[in-house]
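Letter by letter, the chains look like this.
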Amino acid sequence: MQHKLIILLGFVLVSVLAAGALQPTAAQTITTGTIVGVVMDAQKGVLPGAGVVAVHVPTGTKYEAVTQSDGRFSMLVVRVGGPYTITASMAKFKTQEQSGIQVLLGETRKVDFTLQLESISETVTVVAELQAIDTERAGTAANIAMQTIMELPTISRSINDFARTSPTSIPTRTARAART
């Protein structure tokens, strides 16, 4: 009976030592960190589709992510240390940058952004010229002074006699002569 107890105690001791030896080995396999966060607008609404870029300043290594439908982004397996410069941008919003971010070994570093609307201003210069065309009238027109009408030689005082003074009219007699 004592022999079985010694074997059982030896087995427990070996199991405890084996479990203790495996624990540090698993911890040593972690060599990176993670950067996560949320990109929102000024009214705290999430911004899906925003681009986030993290640059590890000493090495120039870039990590990129795009926010999901809930505005969250994650960059897994990033280099430990820092400093990082992290930039969030989206069309029609001002780009926001955070620098000096450090990521520790095995850490999930949270970095949130609140983007402001970009103010858009345009200057439009309109230059107008004096119109040579009278937009109040449609078609051709001629102004004949009353003095000209009074001095015009005419036999029948017909409208055709007066129409001949306009450069746009075709005299009736000329039109008849052209047909024959």
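Below or above, wherever it landed, is the structure these notes cover. (Residues numbered from 1 in each chain as written. Predicted model: local features only at pLDDT ≥ 70, side-chain atom pairs only at ≥ 80, totals over all residues. Heavy atoms only, no water.)

When helices and strands are tallied, the chain shows four helices and eight strands. When the helices and strands of the chain are placed in sequence order, the string is α-β-β-β-β-β-β-β-β-α-α-α. In the chain, which comprises 180 residues, the share counted as buried stands at 20%. For the chain, contacts bridging at least 24 residues in sequence account for 53% of all contacts bridging at least 6. Within the structure as shown, the chain displays about 13800 Å² of accessible surface, and the carbon and sulfur contribution to it stands at 59%. (Helix = DSSP H or I, 4+ residues; strand = E, 2+ residues; numbered from the N terminus. Buried < 20%, exposed > 50% of the residue type's maximum accessible area, 1.4 Å probe, protein only. Contact = heavy atoms within 4.5 Å. Areas by Shrake-Rupley, 256 points an atom, 1.4 Å probe, with all protein chains shown as cover.)

Turning our attention to the sheet that holds strand 3 (residues 61-66). Taken in spatial order, the four strands of this open sheet run 3-2-5-6, and their pairing is antiparallel. Of all strands in the sheet, those bounded by a partner on one side alone are strand 3 and strand 6 (96-103). For this sheet, the mean inter-axis angle between neighbouring strands, taken without regard to orientation, is 20°. The pairing of strand 2 (residues 51-56) with strand 5 (residues 81-89) spans six bridges and is antiparallel. Following the sheet pairing, Val53 is matched in strand 5 by Thr87. (Pairing = 2+ DSSP bridges. Axes fitted to C-alpha atoms, helices over the stretch in contact; angles between N-to-C directions.)

Here we take up the nonpolar core. Counting 20 residues, the largest nonpolar core has Ile35, Val39, Met75, Tyr84 and Ile86 as the members making the most contacts within it. Of all the secondary structure elements, the ones that give two or more residues to this core are strand 1 (33-41), strand 2, strand 3, strand 4 (72-78), strand 5, strand 6 and strand 8 (113-115). (Core = buried A, V, L, I, M, F, W, Y, C linked by side-chain atoms within 4.5 Å.)

Bridge count between strand 5 and strand 6: six bridges; the pairing is antiparallel. Bridged to Tyr84 within strand 6 is Ile101. Hairpin remark: strand 5 followed by strand 6, antiparallel, with six residues in the connecting loop; positive phi at Lys92, about 70°.

All right, on to the packing of aromatic side chains then. Evaluated as defined, the whole model comprises two aromatic pairs. Ring geometry for Tyr63 versus Tyr84: centroids 6.3 Å apart, planes at 50°, classification tilted. Of this pair, Tyr63 sits in strand 3 while Tyr84 sits in strand 5, and the two are 21 residues apart along the sequence. Tyr84 shares its class with Tyr63; the two are buried. With a centroid separation of 6.4 Å and 40° between ring planes, the pair formed by Phe73 and Phe113 is classed as tilted. Residue Phe73 is located in strand 4, and its partner Phe113 is located in strand 8; the two are separated by 40 residues in the primary sequence. Since its relative accessible area comes to 4%, Phe73 is described here as buried. (Phe/Tyr/Trp six-rings, centres within 6.5 Å; stacked < 30°, edge-to-face > 60°.)

Time to look at a nonpolar patch on the surface. The grouping of Ile30, Val80 and Leu105 at the surface amounts to a nonpolar patch, some 250 Å² of accessible area in total. Examined against the element boundaries, Ile30 turns out to sit in the loop between helix 1 (2-27) and strand 1. What makes Ile30 partly exposed here is its relative accessible area of 45%. (Patch = residues over 30% accessible without salt bridge, like charges linked within 9 Å, V, L, I, M, F, W, Y side chains within 5 Å. Salt bridge = Lys/Arg side-chain N within 4 Å of Asp/Glu carboxyl O.)

As a further point, take the pattern of salt bridges. For the coordinates displayed, the defined rule picks out two salt bridges. A salt bridge links Arg72 to Asp70; the shortest N-O distance between them is 3.6 Å. For Asp70, a relative accessible area of 34% corresponds to the partly exposed category. When the shortest N-O distance is used, the salt bridge between Lys110 and Asp112 registers 3.1 Å. The partly exposed category is assigned to Asp112, whose relative accessible area is 33%.

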